[in-house]
Structure formats: C-alpha cells, structure tokens
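Analysis of the macromolecular model
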Amino acid sequence: MIIPVIMAGGSGTRLWPLSRTAFPKQFIALTSNLTMLQETAARLDGLSGDDGISPMVICNEEHRFLVAEQMRQQKLTPSILLEPAGRNTAPAIGLAAIKAVEDAKLASASNELTEFPVLLVLAADHVIEDVEAFQQCVKSLLPEVQAGKFGTLGIVPTEPATGYGYIKATTSSGRLGRVSEFVEKPDAETAARYVAEGYLWNSGMFLIRADRYLEELKNFRLDIYDACVKSMASTQLDLDFVRIDKEAFEACPDESVDYAVMEPLAAKGEVVVAPLDAGWSDVGSWSALWEIADKDAQGNVMAGQDEKNFILQGSENCYVYGSAGNDGSGRLIATLGVENLVIVDTPDALLVANKDKVQDIKKIVSQIKASG
Ligand code: GDD
Ligand code: MG
C-alpha cells in the first residue's frame, strides 16, 4: 500500500510577486492549466494499478479551502492535515506518518499493523516531464523500502545548481544506489565539484515506511517526535480536515527532513536512491520557469495572459508575466531593446529584475516584511 503524502506548506517566496503568503506557488497554475498541487496529484495516476490512490495533503490551515477545492476539481478526496504553523518538513512527515499508522491499525481486525503503510513523500511544487520514468523509479524502490530502507529519488543534475541539496551515491548508472551523504544547498564552487564527481540532486521526494520513519525520527530527534505525537493526540475533525493541536505543534522545533533524518541515516547506509532523469525542476525561481517554458524565436517567454497583450520589440531572453485578472483581460505590456529581464506585473506589485539575480528575491520579501 503506497500512500502519497503531498507537502504543501511552503511559502515559495522566490516567485514573488505572484507567489504570496496567502497564495503560495503550489496553488498557482504556472506551467500548465493545472496548479502545481494538481499536477503533483495527477502524476500519481496509475501508480498503484486500478484501485486509485487518495493522497494525504499536509498544509497550513490558512490554505485549507484552496487545497480542498483544487483536489475536488480533480475528483480526489484526500485527508487534509492542517498545520497551525509551519515547522518545516521533518515534523510534517512525522504527522503524516502517525496518521498513516493509526489508519492502518484501525483498518486491521486486530488493531495491529498487519501491513506496513509506505509513504510516498512529495513536494507540491515540482515539474516532471517524463511521468512514466518517475513512476518506474518509485516502483523500483519499493522492495527495499518494504524491507525497511529509506528510499529517495535522486535527480541527474543538468547544471551546478546552488538551490538544491546533493546526494552522493555508490552508483548513478540507472540502478539503485546506496547513499553515503546528503549535503544541503552548497555554494557555487562546491556544487560544480559535486556535479563533476557524479553527485545527484536531492529531489526532496522520498519513499518510506511510516513506522520506520517514526522509529528513526524518535532515534535522531526525540524532541520533534515527541512534539508530533502530542500534536496528533488531540486532533480535531473539522469537516474533512484534520486539525493538529496548535499549542503542541507550535512547540515543535523547525527542521527539514534532510537535516533531521536523511543526513544521519545516510551515514549509517540505510538510504537507497533511484536516479531519475526525467526533465525535473522544482520551479524555485523565475529563471527556472523561463528555462522550462515555451519561448518565442528571441527566447522570450510570455505568460499569465493572452499573447496579444505583449509587444516585445528587440527584446531577448526575457520572462514576462502579466496577470489576466478575473475577466481574463489583462493589460498591455511592452518592452523595447532589453535583454535577460524578468518582468512580473500583478495588480498591486511590479517586479523588474535581472534574470541572473532572481535567487535574491527573498531579500525583497524580507524588506517588505520588515517595513510591515
Ligand atoms: N506541510 C508543510 N509544512 N510543507 C512544507 C513545509 C511545512 O512547514 N515547509 C516546506 N514544505 C513543503 C513545500 O511546500 C515544498 O513542497 C516541500 O515541502 C519542500 O520545501 P521547500 O521549502 O520548497 O524546500 P527547498 O526547495 O528549499 O529544498 C528542498 O527541496 C529541494 C528540491 O526541491 C530540499 O529537500 C533540497 O535538498 C532539495 O534539493
Ligand atoms: Mg522547493
């Protein structure tokens, strides 16, 4: 039994001004007419044969209606776990694992675990062109994972990106490898060395037995484990939403699964990786979106509104986004003789940036937050 767990609690600040606290990127249609969350769910079609899989979605309580509505549009009825505050991915997976184990016990006659639920932990903001290859990778990990190992998908890198974590594995030849090291977001020089040495990108996608995750979380981070157990002890059902206990969860330390569990576990040889070469991107920045989008003959991307609303004269390699508005109309955007710019026009904010500098958009967001 594979239970997809879609983590949808991130803030996506590097896609400001389109991605906002009230409306982060995973809930926006950026690369197709489905939102990134919907794309993530659609990618699971057929993974477990005919029986269809209903995912678990874990998100901030502020976004509960967005998630419910977007899933309903796809005829899915997931369990939706609501976090009263973001505490990063290690606790989020902890909550999902506790829920999966409880559900599995309830479903068995003896109230014991007769079958181990396997979680397919996914980020809600990824693009994968070759869905077939993605599903093959997941299936290839399953036997090792059922036997208790932690599985992860490692992306074959296409450049020395500094926005991703890296994985060192004993093989990257298309078969499963054993991970010896996880390293989170290196500087440019280290990234270049890693790519040359055959490291993979950490995709942030994992296949793990729920009970094993809880065991290792308890082992490495008893504080996070305890906070998750307490938070789930007094959940409240509100419509179809599972509300996590606010006080208990707010006391939980903030930590990513990469640091809390994957890094120390890899050092013990307990993590296996399936290399994935399938046109993957986490769409973490405007330049990443430019990379994957369809371009005109001058390398420009026109997005968000009808192409007739753009006049790009003598301009090259730009990403230009205009907000269509509720009536789909949008407004005219014209550029003249510019290169390598990102221009994002929304009703209340306009961004004009050098495409090579868009990793720093977080600085703008911090400045806005600081000035209240
Ligand atoms: N429910 C929940 N709660 N989800 C969260 C939270 C949280 O507190 N924080 C983040 N998420 C979700 C995000 O929505 C996203 O789908 C996923 O977890 C990963 O979080 P990001 O914040 O986007 O992480 P990152 O991109 O900086 O880094 C991670 O992903 C990269 C690949 O996309 C790391 O795992 C990197 O090593 C990896 O390369
Ligand atoms: Mg991300």
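Treat the numbers as computed from the prediction; the structure is a model and nothing was measured. (Residues numbered from 1 in each chain as written. Chains lettered and ligands numbered in written order. Predicted model: local features only at pLDDT ≥ 70, side-chain atom pairs only at ≥ 80, totals over all residues. Heavy atoms only, no water.)

1. Considering the site of ligand 1
The test is simple: One heavy atom within 4 Å of a molecule or strand makes the whole residue count as near it. Think of a polar contact as two N or O atoms within 3.5 Å of one another; within protein, one of them needs to be a possible hydrogen donor and the other a possible acceptor, and neighboring residues in sequence only count if both atoms come from side chains. In this description, accessible areas are obtained by the Shrake-Rupley approach with a 1.4 Å probe, and a residue is regarded as covered only by the protein chains that are shown. Secondary structure elements are taken from DSSP: a helix is a run of H or I of four residues or more, a strand is a run of E of two residues or more, and numbering for both begins at the N terminus.
With respect to spatial proximity, 26 residues lie near ligand 1, and among them G10, E83, E184, K185 and N202 are the closest. Note that a nitrogen atom of ligand 1 is positioned 3.0 Å from one of the backbone N or O atoms of G9. The contact in question runs from an oxygen atom of ligand 1 to an N or O atom on the backbone of R87, over 3.3 Å. In the complex, 87% of the free accessible area of ligand 1, which totals 720 Å², lies under the protein chains. Breaking the shell around ligand 1 down by element, the ones donating at least two residues are α3 (89-107) and β9 (200-209). Per element, the largest residue contribution to the shell around ligand 1 is 3 residues, and it comes from β9.

2. Observations concerning the environment of S285
The condition that has to hold: Any pair of residues with heavy atoms lying within 4.5 Å of one another is described as a contacting pair.
Positionally, S285 belongs in the loop between β13 (280-281) and α10 (286-292). Taking the C-alpha atoms as reference points, S285 and K355, 70 residues apart in sequence, are found 9.6 Å from one another. If we skip the residues at most four places from it in the chain, S285 touches R14, L15, V358 and Q359.

3. A closer look at the domain arrangement of the chain
Condition: Where each domain starts and ends comes from a domain assignment, either automatic or drawn from a database. For any pair of parts, buried area is found by adding up, for both, the accessible area (1.4 Å probe) each one loses once the two are put together. The working definition used for a salt bridge is a side-chain nitrogen of Lys or Arg within 4 Å of a carboxyl oxygen of Asp or Glu.
By domain assignment, the chain separates into domain 1 (2-281) and domain 2 (286-370). A C-alpha centroid distance of 30 Å is found between domain 1 and domain 2. For the domain 1 face of the interface with domain 2, the top three residues by lost area are R14, W16 and L18, together amounting to 43%. Taken together, the links from domain 1 to domain 2 amount to 1 salt bridge. With a closest N to O distance of 2.9 Å, D348 and R20 form a salt bridge.

4. Points about the state of the cysteines
Just so we agree on the cut-off: Any pair of cysteine sulfurs within 2.5 Å is marked as a disulfide.
Taken as a whole and assessed by the stated rule, the structure comprises 0 disulfides. Looking at the unpaired C252, the closest cysteine sulfur is the one in C228, lying at 4.8 Å.

5. Some details on the sheet that holds strand β19 (residues 349-354)
What counts is decided by this rule: In short, DSSP must find at least two bridges between two strands for them to pair. Only the contacting stretch of a helix is used when fitting its axis, a line to C-alpha atoms as for every element, and angles between N-to-C directions run 0 to 180 degrees.
Read from one edge to the other, the open sheet built from 4 strands follows the order β14-β16-β18-β19, with strand pairing classed as mixed. Each end of this open sheet is capped by a strand with a single partner; those strands are β14 (301-303) and β19. Adjacent strand axes in the sheet meet at a mean angle of 5° when their direction is disregarded.

6. Here we look at helix α5 (residues 188-196)
Which entries qualify depends on this criterion: The buried label applies to any residue whose accessible area, calculated with a 1.4 Å probe on protein chains only, is under 20% of its type's maximum; exposed applies above 50%, and partly exposed to all values in between. Arc, as used here, means the arc of the directions from the helix axis to the C-beta atoms.
Restricting attention to buried positions, one finds in α5 the residues T190, A191 and Y194. Along α5, the residues classed as buried sweep out an arc of 100° about the axis, all on the same side. Looking at α5, the residues exposed on the side facing more than 90 degrees away from the buried face are A188, E189 and A196. Elements in contact with the buried residues of α5: β7 (165-169) and β8 (177-183). One or two steps after α5, the chain reaches G198, where phi turns positive at roughly 85°.

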